[in-house]
Amino acid sequence: MDVVNCNVRYSIPEEMPEGSFVGNIAKDLGIEISRLISGKARVVTKGGRQYVDLSRDKGTLVVKERIDREELCKQTTPCSFSFDLIVENPIQLHRVTVEVQDINDNAPLFPKENVNLEISENAISGTRFPLDSAIDSDVGLNSIQSYKLHPADSFKLEVHSQTDGNKYIEMVLQRELDREERDEIKLVLVAADGGSPQKSGTARIHITVLDVNDNAPVCKQSVFKTEVREESPAGTVIGSVRASDADEGANGHVSYSFAVASKEARELFEINTDTGEITLLSNLDYESQNSYQLNIKAKDKGGLADTCKFVIDVIDENDNSPTVQLMSFSNTLPENSPVGTTLAVINIEDADSGKNGLVHCSLNQNIPFKIESSLTDYYSLITDDMLDRESFAEYNISILVSDQGSPARHANKTLTVKISDVNDNPPIFDSDEYKTFVSENNSPGLTIVTVKAKDADWGPNAQLSYFLKDEDMRGAPLSSLVSVDSLTGTIHAVKSFDFEQLKSFSFNVTARDGGSPPLSSEVTININVQDQNDNAPQVLYPVQTGGSVVAEIVPRAADVGYLVTKVVAVDVDSGQNAWLSYKLQKATDRALFEVGLQNGEIRTVRQVTDKDAVKQKLTVVVEDNGQPSRSAVVSINVAVADSFPEVLSEFTDFTHEKQYNDNLTFYLVLALAAVSFLFITCVVVIISVKIYRWRQSRFLFQSNLPVIPYYPPHYADTGVTGTLPHGYNYEVCMTTDSRKSDCKFSTLGGQSVLVVDPSFTETMQRAIKEKNILENSELHEMLMSFSNTLPENSPVGTTVAVINVDDADSDQGSPARHANKTLTVKISDVNDNPPIFDSDEYKTFVSENNSPGLTIVTVKAKDADWGPNAQLSYFLKDEDMRGAPLSSLVSVDSLTGTIHAVKSFDFEQLKSFSFNVTARDGGSPPLSSEVTININIQDQNDNAPQVLYPVQTGGSVVAEIVPRAADVGYLVTKVVAVDVDSGQNAWLSYKLQKATDRALFEVGLQNGEIRTVRQVTDKDAVKQKLTVVVEDNGQPSRSAVVSINVAVADSFPEVLSEFTDFTHEKQYNDNLTFYLVLALAAVSFLFITCVVVIISVKIYRWRQSRFLFQSNLPVIPYYPPHYADTGVTGTLPHGYNYEVCMTTDSRKSDCKFSTLGGQSVLVVDPSFTETMQRAIKETNFVEDPDSLKRNTAFSDKQPLHERIIDSRAIDISRFSTIATDSTW
């Protein structure tokens, strides 16, 4: 007995090759391959061909032979065939159905590739012409989907569907045809299917347009014109008429004849009926008649005709030439003549008539002239452009005259015009600027440079002269430096230049021509003076004095390399001429000292011993690098001793005392300033607090705003006296991550009320609907197993839930019943995304001297994970930064990523640094990323200039000596300073702040050189004190001050006697110290007194407050009058408690008022007696002046704490109330 187990259905495309895989029948039916082999499974096809065969050893169905869907099913869709799979022992029968899917293997095909049609040109628009449809064996989208006709200007294509599903097409005439315009039309019809790739078929349509006599002859022109010379012989063809007929054949043949013509015209002219040519029969006479008009008729065989005119003009013969006569002429013209200046007046005539008598005048090309007609037969020759003699000094003007005869006759006349010169061109130098170099110490009269200029004018206007522009050059006239030859332009040096005084200078040379008015030009001459080694080095330190016994002291304990002194020298030359080297020429003991070749530092070579002589004399040679080199010698006394008196007992040393006085004065001024600042700050703070409290009290007592009370959490408004109900309040939040209450529940007022938030309505409705569906459904479903959380890295095929679906019915009912169940599955996060920074690299700038803790930059990273996997922490990578740990420079907030400065940065020590910040998530294992932070320190002007020379010592009497024979510009000394800042903060400028005689010295702004401004005289004081300010270019700028003693003398003893008196200075320092101590003591006393007074007042007020609040009762908060305690059940009496404060700056209560116990009691603070009495009097006086004595409830003799006042006597609302929480 056959048993049908199940049906299997496969779908394959057609045209698959033999052996192609169809399906795994063993797997799909759940049959083991061994069962197929043992059961001799086979494919059984009922009739027809067997397209599919069974592979037993693999359990698969394969294509046995190629399947053609069009052959198998034609146009039927879907196309399929069935067969049975039989397995024996026991017998099993399975039905297999294979659906063959169509592929686009057939292109559309037209029955005819070429279609020929003949259409008359008078066919009306809308005429239809049926066409054969294309055939496509495929089905569905692979069948014909569209038709297109190219081109579609005359015809359009319409596709119609028949009842059997087929389509037929028609070609519709869109506009009428015109054979004369287009006698044949070629079209292409394309049919395309919808397959992929798309296939198409084409048919070519050839249309022949048939002619109809619908066009009359049309003359080429409505009017034909011709000209005939009066001397033309008979038989001359003077012209022809042409007409065209758009028709063809006999319909297009045209014949010509005279339609309307005079008798004279018919005797003079004849026309050829076939060609339309008109022939002259006899000679013409221009004088008798100069024009004829003939009407010509053009007609075709169908009787359609057109008429045109033929006009004949008789031409007069040209037998006279034009004549030219010069009426007025000027042969010289200035070059500045304006445009339109008349040069000549000419008369031109022609004796012929008509166009033979019309003349045309022209000039030769490329000249700035033109000819214009002014009157009949008169012409003017005028300028057409500006003239330039420098371009063209003379013009030959040819006047060409021709008439309009045929052939034309001509005449001409030539005029010569000379252009006179005008001074309109300034001189032009060969170069825009001249630069040259001159070595200093040149001989006067030396030729420096020669300037050349050219002038395009002529004659006197081009004669040039050169001269210097009158100007000053550093206080001296320019003529004292250079001169110029007025004819040749050669510039000579008037004096010998000195590079140290004048390094370069510029001036202007003017070239002027001889015109009227003259024109001139200027050129700049830059002369750079080149330095020569003409100055020997100058020793600035140590100062050399003839009789000086001052020596450098070297202690006997000095080690090797001990710095004895430093030779400071300068060379006013520049470049390599100013490069100095130092050499030890002579020494008492050469084995003890050495001098630095480049820096001039004198140091010990070995350890000093007791055997070394006390007096050591060194001679140092300072030599420059010039060719030839120059040098200077300095002698230095060195004393090997441990004390100065041992070296030079006759000199008193004031250094230590003066330095001590200077330090004492500085600290006294600093202490005075600090104490004064504290005292003034204290006074300002006290005054500010007092003013603030006074303004607060005025605001409180003048404002009408009510005091907003505090409502305790267990108190409710009863509104009336009596028992208060218990109030229960609940707030329900449907989500734990929100503080918003979705619904509220209350039992107040004896009713249970549930208030639902509007946003909760939709969720509630959806929950109710789901509940109703589950209750009303007759289908039962059971969730056997369910995992509501699934990791995101779960592999494909992971089981989420197992569901049991049961229906009590036995079949598929109608109508069908449905059931559904919604499962919510949450995908748990896995740490599979590392943090990603917002930027690949962070760059920022920080100004130096920043405050520690400054926020530098905030790095941000994002993690696509969720929860702890997305919680990021930031930390610094452990690394060293120039020998110090990175954590000593910056820190990073582990939560926000904010990078702070740990210390204040110093640009001079650290200009920039880079480090890495790591962002790590909280996953397991954690993932991290790094980013580079580049921090650049910006320089601030935080360092004042440091004066290296002259060295400042408190009691130094060393002075720079200026001989009285010193000339102007004498180099006194040079201030040498440096600034450790960078950029413009380190650009230094030098200014003379103070001077004993400002008219005698000046300081170089850039180089700090102090020079004499004028000649030193005997009247100048010996002792000169200069104060030089060295200022940098920062914002704000910083400066250093250096004092320099200058002695105007010729010998050192004269200087020494002048600089040894310090009595006045010491007395001045002593007086200053005394007054500073006195001022410091006075200010300190005032400050301490102020502090003691403030503390005393505060202690007094504190003791007063303790006296008032000596009761052990607790402080009670403020309860509003209509609120009572609902924390327990029962009736509560209304208790009113007030505390009255007369000032807003104190928490102390001046009086208290209570109504508890059926009495109204007011207790007044002792310190408030006078104020309270005055307030009561004012109140009673305002309400009832006569009741002032009646309503007074106490006397001054009663004890203050026993004074009881009727509450009706005082308007308590006038006072400020504060909260209390018990009966007082």
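Below: a short report on this structure. (Residues numbered from 1 in each chain as written. Predicted model: local features only at pLDDT ≥ 70, side-chain atom pairs only at ≥ 80, totals over all residues. Heavy atoms only, no water.)

## Comments concerning the side chain of Gln1024
Our working rule: Numbered from the N terminus, helices here are DSSP runs of H or I no shorter than four residues, and strands are runs of E no shorter than two. Pairing of N or O atoms within 3.5 Å defines a polar contact, subject to two protein rules: one partner must be a possible hydrogen donor and the other a possible acceptor, and residues neighboring in sequence count only if both atoms are side-chain atoms. The criterion used for residue contact is that any of the two residues' heavy atoms lie within 4.5 Å.
With respect to the element layout, Gln1024 can be found in strand 78 (residues 1023-1032). Here the side chain of Gln1024 touches Ala1021 through a polar contact of 3.2 Å, landing on its backbone oxygen. Apart from the residues within four sequence positions on either side, Gln1024 is in contact with Thr996, Asp997, Leu1000, Phe1001, Ile1044, Asn1045, Val1046 and Val1048.

## Quick notes on empty space enclosed by the protein
Over the atoms, a rolled probe matching the size of one water molecule traces out where space is still vacant. What counts is decided by this rule: Site definitions follow a grid-based scheme: protein atoms alone, a 1 Å grid, a 1.4 Å probe that fits but cannot get out for cavities, and for pockets an open set with protein on both sides within 12 Å along at least five of seven lines, plus lining residues having an atom within 4 Å of a point. Grid points are joined across faces, edges and corners, and a volume is the space filled by probe spheres set on the points. Gly counts as polar in this scheme, as do all residues outside two lists: the nonpolar Ala, Val, Leu, Ile, Met, Phe, Trp, Tyr, Cys and Pro, and the charged Asp, Glu, Lys and Arg.
With the rule as written, the count across this model stands at 5 cavities of 30 Å³ or more. Counted as a void, the second largest cavity has a volume near 70 Å³. Together, Ser154, Arg175, Glu176, Leu177, Asp178, Glu181, Arg182 and Ile185 line the second largest cavity. In terms of residue class, the lining of the second largest cavity is made up of 2 nonpolar, 1 polar and 5 charged.

## Some words on the side chain of Glu70
Spelled out, the test is: Here the term buried applies to any residue with accessible area under 20% of the maximum for its type, exposed to any over 50%, and partly exposed to those in between, with areas from a 1.4 Å probe on protein chains only.
In this fold, Glu70 is placed in helix 3 (residues 69-73). According to the relative accessible area criterion, Glu70 is buried, its value standing at 9%.

## Let's talk about the sheet that holds strand 44 (residues 552-554)
The strands making up a sheet associate through backbone hydrogen bonding, with each pair oriented either parallel or antiparallel. Heads up, the rule is: Strand pairing follows a simple DSSP-based rule, namely that at least 2 bridges must link the two strands. Helix axes use the C-alpha atoms of the stretch in contact, all axes being lines fitted to C-alpha atoms, and the angles between their N-to-C directions lie in the range 0 to 180 degrees.
One open sheet holds the 4 strands; their spatial order is 44-51-50-47, and the pairing between them is mixed. Two strands lie at the open edges of the sheet, namely strand 44 and strand 47 (581-587), each paired on one side alone. Strand-to-strand twist across the sheet, computed as the mean angle between neighbouring axes with direction ignored, equals 35°. One ladder, built from 3 bridges, connects strand 44 with strand 51 (residues 631-640); its direction is parallel.

## Details of the state of the cysteines
Quick note on the threshold: Any cysteine sulfur atom paired with another within 2.5 Å is treated as part of a disulfide.
Evaluation of the coordinates by the stated rule reveals 1 disulfide. One disulfide bridge connects Cys73 with Cys79, the sulfur atoms lying 1.8 Å from each other. Residues Cys73 and Cys79 are joined through a disulfide that is right-handed, its torsion about the S-S bond being 70°. Overall, Cys73 belongs to the buried group, its relative accessible area being 13%. A relative accessible area of 2% places Cys79 in the buried class.

## What about the sheet that holds strand 36 (residues 465-468)?
Within the open sheet, the 4 strands sit side by side as 33-42-41-36. Their pairing is mixed. Each end of this open sheet is capped by a strand with a single partner; those strands are strand 33 (433-439) and strand 36. Taking each pair of neighbouring strands and ignoring which way they run, the sheet shows an average axis angle of 30°. As paired strands, strand 41 (residues 504-512) and strand 42 (residues 520-530) are joined by 9 bridges and run antiparallel to one another. Considered in strand 42, the bridge of Asn508 is made with Thr524.

## Observations concerning the packing of aromatic side chains
For clarity, the threshold we go by: Think of it this way: a Phe, Tyr or Trp ring, Trp meaning its six-membered ring, pairs with another when their centres are within 6.5 Å, and the plane angle makes it stacked under 30 degrees, edge-to-face over 60, tilted otherwise. Counted as over-ring charges are cases with an Arg CZ or a Lys NZ within 6 Å of the ring centre that also lie within 35 degrees of the ring normal.
Counted under the stated rule, the structure contains 13 aromatic pairs. Their ring planes at 50° and their centres at 5.3 Å tell us that Tyr51 and Phe81 sit as a pair that is tilted. You can see Tyr51 sitting in the loop between strand 3 (42-44) and strand 4 (52-55) and its partner Phe81 sitting in strand 6 (residues 79-87), a full 30 residues away along the chain. By relative accessible area, Tyr51 is classed as buried at 9%. Taken together, the ring pairs in this structure connect Tyr51, Phe81 and Phe83 into an aromatic cluster. Its guanidinium or amino end placed over the ring of Phe499, Lys503 lies 5.1 Å from that ring's centre, counting from NZ or CZ. When the ring centre of Phe907 is taken as reference, the NZ or CZ atom of Lys911 above it lies at 5.0 Å.

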